[in-house]
Amino acid sequence: MTTAITSSHGRRVQKPLLARLADHAEPYLYSAPALILIITVMLVPLVLGMSYAFRDIQLLNPFSGGFIGLDHFRALAQDKAFFGALKNTLWWTGASVVLQFTFGLILALLLDKPFHGRGIVQALVFLPWAVPSFLAGLNWAWLFNPVIGPLPHWLFALGLIDQPGNLLSDPHYAMWGPIIANVWWGIPFFAITLLAALQSIPRDLYEAASIDGADWMQRFLSITLPFLAPTIAITVLLRTVWVANFADLIVVMTGGGPADRTQIVASYIFTQAFKALDFGYASAVALVLLVLLLAYSMLIILLRQTLLNKG
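It should be emphasised that the depicted structure is a prediction, and the values quoted were computed from it without experimental measurement.

Two side chains of opposite charge can pair, provided their charged atoms sit close to one another. Scanning all chains against the criterion turns up two salt bridges. Across the pair Arg-74 and Asp-71 runs a salt bridge, and its minimum N-O distance is 2.7 Å. Of the two residues, Arg-74 and Asp-71 are both situated in helix 2 (residues 71–77); the distance of three residues between them amounts to about one turn of the helix. The exposed category is assigned to Arg-74, whose relative accessible area is 52%. For Asp-112, the salt bridge identified is with Arg-203, shortest N-O distance 2.9 Å. On the criterion of sequence distance, the pair formed by Asp-112 in the loop between helix 3 (80–111) and helix 4 (118–125) and Arg-203 in helix 9 (residues 203–211) is long-range, its members being 91 residues apart. Take Arg-203: its relative accessible area is 37%, and that puts it in the partly exposed class.

Rendered as structure tokens:
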């Protein structure tokens, strides 16, 4: 940016200091409203929440609020319920993301083909994404209830279970209830993003591959999958982080039970904060989850960058 001006006599005159500072600050002033909004809405609550992890904040204790250092993390290292929730989180997140991605990719491939009434089918496929998660969890809890829901009776008729009981109260099968609900609710996310990526692939590549004698599997592996790889990487990364933080369905359907068999870290945070009213300990658990998810995200980004460099 110019810091000098030309006078009427042809001489270059240095701008005053305040004018030069104003010129340099001009781009930052334009972006200041957005930066202030981000700091106010995101960074300030994040910093406050992280500070709670090092303080004793219990709503039922009027004398709490003091600084206790790493006491919460020492207690967390001995908390068997937390490690059980961490194990459940891995199972919940892995099964949900894998099934969502698999069915979402299949739907995207089917919807990529032109057929009569495709617009109506797309609207119906994407409908679950518009349903509030609380309502989705409530509906699936009713479906699994043997008194008012059909699913236990269908599974009994197929011989998959011994009697039409409530699967959400069975410690061995309870986690499958929220996973199935989460898969149904999250499939449209992958279907929408992968369908958009599929429609950007040049059709000439498929025609050339067909002329060369490539079958559908060869075309999928050599054309479709490489073009979808960047989209797959970012969608799987985002969805994994979201599902790991997503406790709505579990809170509504099982409340973490029975016997903490469906308790994940996100629902454990909810339990500690809003049932035990221990916001300090809940913040410590949330901070550990944040660090784990950041480490996972960095690992995926580094792996993707390594593959891109090799390619």
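Of note, Thr-235 is situated in helix 10 (residues 216–244). The class of Thr-235 is buried, set by a relative accessible area of 3%. Of note is the side chain of Thr-235, whose polar atom sits 3.1 Å from the backbone oxygen of Ile-232. Here Thr-235 is in contact with Phe-189, Phe-190 and Thr-193, once residues within four sequence places are set aside.

Criteria and cut-off values
- Residues numbered from 1 in each chain as written.
- Predicted model: local features only at pLDDT ≥ 70, side-chain atom pairs only at ≥ 80, totals over all residues.
- Heavy atoms only, no water.
- Salt bridge = Lys/Arg side-chain N within 4 Å of Asp/Glu carboxyl O.
- Helix = DSSP H or I, 4+ residues; strand = E, 2+ residues; numbered from the N terminus.
- Buried < 20%, exposed > 50% of the residue type's maximum accessible area, 1.4 Å probe, protein only.
- Polar contact = N/O pair within 3.5 Å; in protein donor to acceptor, adjacent residues only side chain to side chain.
- Contact = heavy atoms within 4.5 Å.

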